[in-house]
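# Breakdown of the fold
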Amino acid sequence: PSSASPAACARRCVDVARAHGAAMGRALEVGGGPGRAAMELSRAYGHVDGGDCSATFVELGRRLLREGGLSWRSVVDRTAGSSVERSVSAADLGVGSVAFERIDAQALPEELTGYDLICGFN
């Protein structure tokens, strides 16, 4: 799977924030799956909190940060049964300060305040 869209959306938010002189301290990304957009935002913001309602996605984001990378097999052609090995590393993404929590976008906790950017790209 390609992560071009989440990264592009995050970069667009950073570009707009910078163009308007917005503070770049803290960002919250909600509904972000395994956190590709949150990781992109962390390159520009002092700290990013990323969240998703899926415990599996949250754990993948945490694991990438903890272990420094992830690898998996992705099916290319189901009929032929062919697949390809894929991987991603936190170092290659240039990940900054980011944390992942399980968050329900339809019932955000009241303590989620003080962010310079709140976004969701899902």
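In what follows, the accompanying structure is described.

### Overview of the sheet that holds strand 6 (residues 117-119)
- Taking strand neighbours across the sheet as the criterion, the four strands line up as 5-2-1-6 in an open arrangement whose pairing is parallel. Each end of this open sheet is capped by a strand with a single partner; those strands are strand 5 (98-102) and strand 6. For this sheet, the mean angle separating the axes of adjacent strands, direction not counted, is 15 degrees.
- Pairing geometry for strand 1 (residues 26-30) and strand 6, over three bridges, is parallel. Across the sheet, the residue bridging to Glu29 is Cys119, located in strand 6.
- Across the sheet, helix 3 (residues 55-67) is in contact with strand 2 (47-52) and strand 5; its angle to strand 5 comes to roughly 160 degrees.

### Some words on the pairing of strand 1
- Of all five residues making up strand 1, four are buried, and the element is well covered by its neighbours.
- Two strands pair when backbone bridges link them, and strand 1 and strand 2 are joined in this way by five bridges, in the parallel orientation. Following the sheet pairing, Arg26 is matched in strand 2 by His47.
- Viewed along the sheet, the connection from strand 1 through helix 2 (residues 36-41) into strand 2 turns out right-handed.

### Quick look at the nonpolar core
- If you look at the biggest cluster of nonpolar residues, it comprises 20 residues, and the most contacted ones within it are Leu41, Tyr45, Val48, Leu64, Phe100 and Leu117.
- Mapped onto this core, the elements with two or more residues apiece are helix 1 (4-19), helix 2, helix 3, helix 4 (90-93), strand 5 and strand 6.
- Among the elements that take part in this core, helix 2 stands out by supplying four residues, more than any other.
- In contact with Leu117, not counting residues within four places along its chain, are Cys13, Arg26, Ala27, Leu28, Leu41 and Tyr45.

### Quick notes on the environment of Arg26
- By the element assignment, Arg26 lies in strand 1.
- Under the relative-accessibility criterion, Arg26 is labelled partly exposed at 31%.
- Along the sequence, Arg26 and Ala44 sit 18 residues apart, while their C-alpha atoms lie 9.6 Å from each other.
- Within the structure, Arg26 has its side chain in polar contact with the side chain of Tyr115 (distance 3.2 Å).

What counts, and at which threshold
- Residues numbered from 1 in each chain as written.
- Predicted model: local features only at pLDDT ≥ 70, side-chain atom pairs only at ≥ 80, totals over all residues.
- Heavy atoms only, no water.
- Pairing = 2+ DSSP bridges.
- Helix = DSSP H or I, 4+ residues; strand = E, 2+ residues; numbered from the N terminus.
- Axes fitted to C-alpha atoms, helices over the stretch in contact; angles between N-to-C directions.
- Contact = heavy atoms within 4.5 Å.
- Buried < 20%, exposed > 50% of the residue type's maximum accessible area, 1.4 Å probe, protein only.
- Right-handed = clockwise from strand over helix to strand, strands pointing away.
- Core = buried A, V, L, I, M, F, W, Y, C linked by side-chain atoms within 4.5 Å.
- Polar contact = N/O pair within 3.5 Å; in protein donor to acceptor, adjacent residues only side chain to side chain.

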